[in-house]
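Descriptive structure summary
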Amino acid sequence: MRLLIVEDDAELRGALAEEMRRAGFAVELAADGEEGLYFATEYPIDLAVIDLGLPKLPGIDIIRRLREAGKDYPILILTARDRWQDKVDGLSAGADDYVAKPFHVEELLARINALLRRSGGWASAELRCGPVMLDTKRQLLTVDGQEVDLTGHEYKLLEHLMLRAGEVISKTELTERLYDQDFERDSNVIEVFIGRLRKKLDPDDAIKPIETLRGRGYRFALERGVDS
Amino acid sequence: MNSLRLSIVVSAGSLLVIFVGVAIGVLDDAFRKAAMKAEEARLDVQLISLLAAAKPSDDYTLTLPDQFPEPRYAQPLSGLYAAVFDRDGREVWKSDSTIGVVVPWVKSVPVGQMSIVTLAPQEAAELLSFSMGITWDFDDGTTRPFTFHVAESFDFFNDQVSAYRRQLFGWFIGVGIALLVSLGGLLGWLLRPLAQIEEEIGEIEQGERETLSAGYPDELAGAARNLNALVRRERSRGEVYRRTLGDLAHSLKTPLATLRTLLRHDNRDDIDRELTRMDETIRYQLAKPATRGRLIGTKPFDVPPAIDALLASFAKIYADKSVTVQTSVAPALRFRGDPSDFTELVGNVLDNAFKRCQSAVWLRVEREASGAFVIDVSDDGPGFPEPLLASQEIVRGQRLDEAPSSQGLGLAIVAEICELYGASLRLANRDGGGARVTIAVPNP
């Protein structure tokens with residue numbers, strides 16, 4: 001998942017970027033409102049974290065313009081103003097949630113994950129597709145009730161696929177959204193990870209959770225919900 | 001023109017000039033007409049007396065005496081002239097005063113007729129001339145027509161008119177000036193309260209006076225009252241800022257001291273607790289100065305859209321908690337106060353309710369029959385603890401070391417706003433369990 005963080009304070013921006021990367025996100029950074037709007041419009045973004053008090057273009061205007069331009073990915077407001085009117089203004093402009101400064105990174109991460117999950121159409125933190133269950137809160141995978149160990153990259157890839165279960169996601173998109181630019185952008189890496197995931201999820205090749213559509217990408221093929 | 005007094009005097013002066021101008025015109029015209037009538041009457045009398053003085057002579061002509069009761073006939077260029085002409089326009093007689101003047105008489109006037117004309121001799125001023133055609137019956141029965149002429153210079157008439165004008169102008173100018181001066185004086189006296197207000201505002205600015213004095217006339221009493229309210233509000237605002245800053249500084253230093261002590265050990269949880277304490281202190285202490293309160297002339301705003309925006313926000317914030325909100329908001333309800341204060345008030349109460357509820361929140365906003373504006377929020381959570389219900393004592397106005405606990409922070413902020421609006425805040429538990437917060441704002 002690729003996050004955009006628009007925050008004018010360099011210290012906080014750097015710290016956030018580090019924390020988000022550690023949590024497995026690819027991160028774009030913008031230091032002012034205009035740069036933020038540009039990245040938010042031009043880059044493949046899954047979620048934007050926007051500070052309300054920004055130089056050049058206020059955060060609320062970025063949100064309004066993005067929504068007017070039809071960008072519908074989740075937007076989380078960071079704000080140091082904690083009067084309700086400020087929160088209501090931001091949310092009415094089109095943001096989906098807010099986190100007031102000073103915040104705990106855990107709180108921010110939880111809110112980001114919840115927004116991503118909801119934007120994928122999942123109401124609960126536990127994503128269930130047949131026998132596969134991904135607990136996004138605890139970052140835990142079980143298949144038929146059995147816990148399965150995943151590396152960080154594997155988890156992020158599976159989460160991305162499952163959040164949008166049923167949709168075809170191109171290899172390019174997966175590369176773009178899962179890894180930072182400094183990471184080796186080799187689509188073979190994705191193939192390797194997909195191969196590993198298949199082995200871990202379906203060692204007997206019985207449920208075929210991940211479908212490969214030649215030339216188009218991948219799809220998490222199991223139906224959402226519990227198999228009856 | 002910035003002086004009220006000057007503008008009144010100038011506009012009254014302009015009106016006066018127009019009024020006096022018209023009055024002078026009308027009076028002057030009336031006087032001229034009257035003077036002209038008098039002049040004509042005088043000439044008529046002269047003509048009659050001339051007729052009476054004429055005597056017939058044997059050669060069917062007329063003679064007039066050398067001496068007249070009117071001395072001006074005998075005095076050359078006196079301004080009063082007379083002459084008599086016979087049927088053929090031959091001069092029968094003329095007064096001695098005509099010596100040196102060629103009066104261009106209208107030679108003959110038909111018998112029984114009267115002619116009034118203005119004559120302009122070269123040697124003298126304009127004349128008003130009366131001429132009358134008569135038939136004289138001589139003793140032997142012979143009749144002859146004659147024309148009698150009298151003329152008087154306009155000088156006399158003109159003198160009269162200009163004397164009158166001088167007097168007229170003199171009086172009007174005198175009266176006008178007197179009027180303007182007394183108007184100016186009167187205004188100064190009437191506008192004295194304004195000067196007083198100005199002076200008192202100056203004194204307030206200098207810090208020599210607390211408020212405007214009482215006893216202004218009705219027209220100004222309202223303005224004085226509002227000014228006083230404004231001054232008092234400014235002053236209490238300043239007081240709030242000063243106290244807040246003092247409390248804030250004091251209460252942030254304690255956790256800072258704790259933090260410094262904690263730095264010696266790697267005790268993250270303790271450091272985090274202190275940071276939370278500082279954050280909440282800032283939120284709590286700044287809530288009051290951020291509240292605008294009910295300013296003079298605050299316009300009422302529509303409540304339902306504000307509630308809708310809040311509920312839409314809560315739907316997003318608590319998207320993962322399925323909460324049913326039952327609202328009862330009177331349509332077209334208006335609240336006289338600052339919209340962001342209202343949002344802060346309802347937002348904090350609702351936030352507590354959403355946080356504590358299991359699945360239901362009730363919101364009622366309406367104006368009661370008493371006129372009070374009521375906000376009533378309840379939830380199906382655990383409700384308030386008994387001691388709090390008994391005391392109704394929401395920590396307020398205290399310093400940071402006694403800052404409210406996390407759940408209490410919202411309520412403490414609500415209590416501060418209520419205090420600024422003179423509103424009552426009541427905590428209760430709902431019949432079916434859960435907390436209930438009722439706020440009543442008196443809205444005169």
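Residues numbered from 1 in each chain as written. Chains lettered and ligands numbered in written order. Predicted model: local features only at pLDDT ≥ 70, side-chain atom pairs only at ≥ 80, totals over all residues.

1. Digging into the overall build of chain A
In terms of regular secondary structure, chain A is built from 8 helices and 12 strands. Considering chain A as a whole, with its 228 residues, one finds that 39% of them fall into the buried category. Of the contacts formed within chain A by residues at least 6 apart in sequence, a portion of 56% connects residues at least 24 apart. (Helix = DSSP H or I, 4+ residues; strand = E, 2+ residues; numbered from the N terminus. Buried ≥ 20, exposed ≤ 12 C-beta atoms within 10 Å, placed from the backbone. Contact = placed C-beta atoms within 7 Å.)

2. With respect to the packing of helix 4 (residues 218-262) of chain B against helix 5 (residues 268-290) of chain B
Residue and element names in this part refer to chain B. Two numbers describe how helix 4 lies on helix 5: the axes approach to 10 Å, and their chain directions differ by 180 degrees. Judged on the interaxial angle alone, helix 5 and helix 4 are roughly antiparallel. Where helix 4 abuts helix 5, its residues Val-240, Tyr-241, Thr-244, Asp-247, Leu-248, Ser-251, Leu-252, Pro-255, Thr-258, Leu-259 and Leu-262 lie against Asp-270, Ile-271, Glu-274, Arg-277, Met-278, Thr-281, Gln-285, Leu-286, Lys-288 and Pro-289. (Axes fitted to C-alpha atoms, helices over the stretch in contact; angles between N-to-C directions. Parallel < 35°, antiparallel > 145°, perpendicular 65-115°, else oblique.)

3. Thoughts on the interface of chain B and chain A
Each side of the interface is counted separately: chain B has 17 residues, and chain A has 13 residues. Taken together, the elements giving at least two residues each to the side of chain B that touches chain A come down to helix 5, helix 6 (303-317) and helix 7 (339-356) of chain B. Ranked by the residues each element gives to the side of chain B that touches chain A, the list is headed by helix 6 of chain B, at 6 residues. Considered class by class, the residues forming the side of chain B that touches chain A number 7 nonpolar, 5 polar and 5 charged. (Nonpolar A, V, L, I, M, F, W, Y, C, P; charged D, E, K, R; others polar.)

4. Some words on the sheet that holds strand 6 (residues 126-129) of chain A
All names here are of chain A. As summarised here, the arrangement of the 4 strands in space is 6-7-8-9, forming an open sheet in which the pairing is antiparallel. The two strands at the open ends of the sheet, each matched to only one other strand, are strand 6 and strand 9 (146-148). Within this sheet the neighbouring strands show an average axis-to-axis angle of 25 degrees, counted without direction. Bridge analysis of strand 7 (residues 132-135) against strand 8 (residues 140-143) gives 4 bridges, and the strand direction is antiparallel. Looking at strand 8, one finds that Asp-135 is bridged to Leu-140. (Pairing = 2+ DSSP bridges.)

5. A short note on the environment of B:Asp44
Along the chain, B:Asp44 falls in helix 1 (residues 4-53). Considered as a pair, B:Asp44 and B:Ser129 are 85 residues apart in the sequence and their alpha carbons are 10.0 Å apart.

6. What to know about the pairing of strand 4 (residues 75-79) of chain A
Across a regular strand the side chains alternate sides, sitting on one face of the sheet and then on the other. Residue and element names in this part refer to chain A. Burial runs high along strand 4: 5 of the 5 residues are buried. With burial as the criterion, each face of strand 4 is covered, one bearing Ile-75, Ile-77 and Thr-79 and the other bearing Leu-76 and Leu-78. Taken together, the 4 bridges between strand 3 (residues 47-51) and strand 4 define a ladder with parallel strand orientation. The residue bridging Val-49 from the neighbouring strand is Leu-76, located in strand 4. With helix 3 (residues 59-68) bridging strand 3 and its parallel neighbour strand 4, the resulting β-α-β unit is right-handed. (Right-handed = clockwise from strand over helix to strand, strands pointing away.)

7. Topic: helix 5 of chain B
With 23 residues, helix 5 of chain B ought to run about 33 Å at 1.5 Å a step, and its terminal C-alpha atoms sit 32 Å apart, in line with that. For helix 5 of chain B, every residue scored as buried is listed here: B:Glu274, B:Arg277, B:Met278, B:Thr281, B:Tyr284, B:Gln285, B:Ala287 and B:Lys288. (Expected span 1.5 Å × (residues − 1).)

8. Thoughts on the confidence of the model for chain B
All names here are of chain B. Confidence in the prediction for chain B averages 85 pLDDT; 96% of positions are at 70 or higher. Within the model, pLDDT remains below 50 along residues 396-406, and this stretch shows 25 contacts once partners closer than five positions in the same chain are excluded. Two summary scores accompany this predicted model of the complex, namely pTM at 0.64 and ipTM at 0.81. (pLDDT = per-residue confidence, 0-100.)

9. Points about the pairing of strand 1 (residues 2-6) of chain A
Residue and element names in this part refer to chain A. For strand 1, the tally of buried residues reaches 5 of 5 residues, placing the bulk of the element in the interior. Of the two faces of strand 1, the one carrying Arg-2, Leu-4 and Val-6 and the one carrying Leu-3 and Ile-5 are both buried. Summarising the sheet, strand 1 and strand 2 (residues 26-30) pair through 5 bridges and their orientation is parallel. Among the inter-strand pairings, Leu-4 is bridged to a residue of strand 2, identified as Glu-28. Note on the crossover from strand 1 through helix 1 (residues 10-22) to strand 2: the handedness is right-handed. Pairing analysis gives 4 bridges linking strand 1 to strand 3, with the strands arranged parallel. Paired with Ile-5 across the strands is Val-49, a residue of strand 3.

10. What to know about unusual backbone geometry
Between A:Lys101 and A:Pro102 the backbone carries a cis peptide bond, its omega angle lying at -5 degrees. Topologically, A:Pro102 is positioned in the loop between strand 5 (97-100) and helix 5 (105-119). One non-glycine residue with positive phi stands out, namely A:Asp205, at about 55 degrees. Position of A:Asp205 relative to the elements: it lies in the loop between helix 8 (187-201) and strand 11 (210-213). Under the C-beta neighbour-count criterion, A:Asp205 is labelled exposed, with 8 such atoms within 10 Å. Not every positive phi belongs to a glycine, and B:Ala332 is a case in point at roughly 60 degrees. Along the chain, B:Ala332 turns up in the loop between strand 9 (324-329) and strand 10 (334-336).

11. Overview of the sheet that holds strand 11 of chain A
Residues and elements named next belong to chain A. Ordered by their spatial adjacency, 3 strands build an open sheet running 10-12-11, and the pairing between neighbours is antiparallel. Of all the strands in the sheet, just strand 10 (168-169) and strand 11 have a single pairing partner and so form its edges. Looking at chain direction, strand 11 and strand 12 (residues 217-220) are connected through 4 bridges and run antiparallel. Of the residues in strand 12, the one forming a bridge with Glu-211 is Arg-219.

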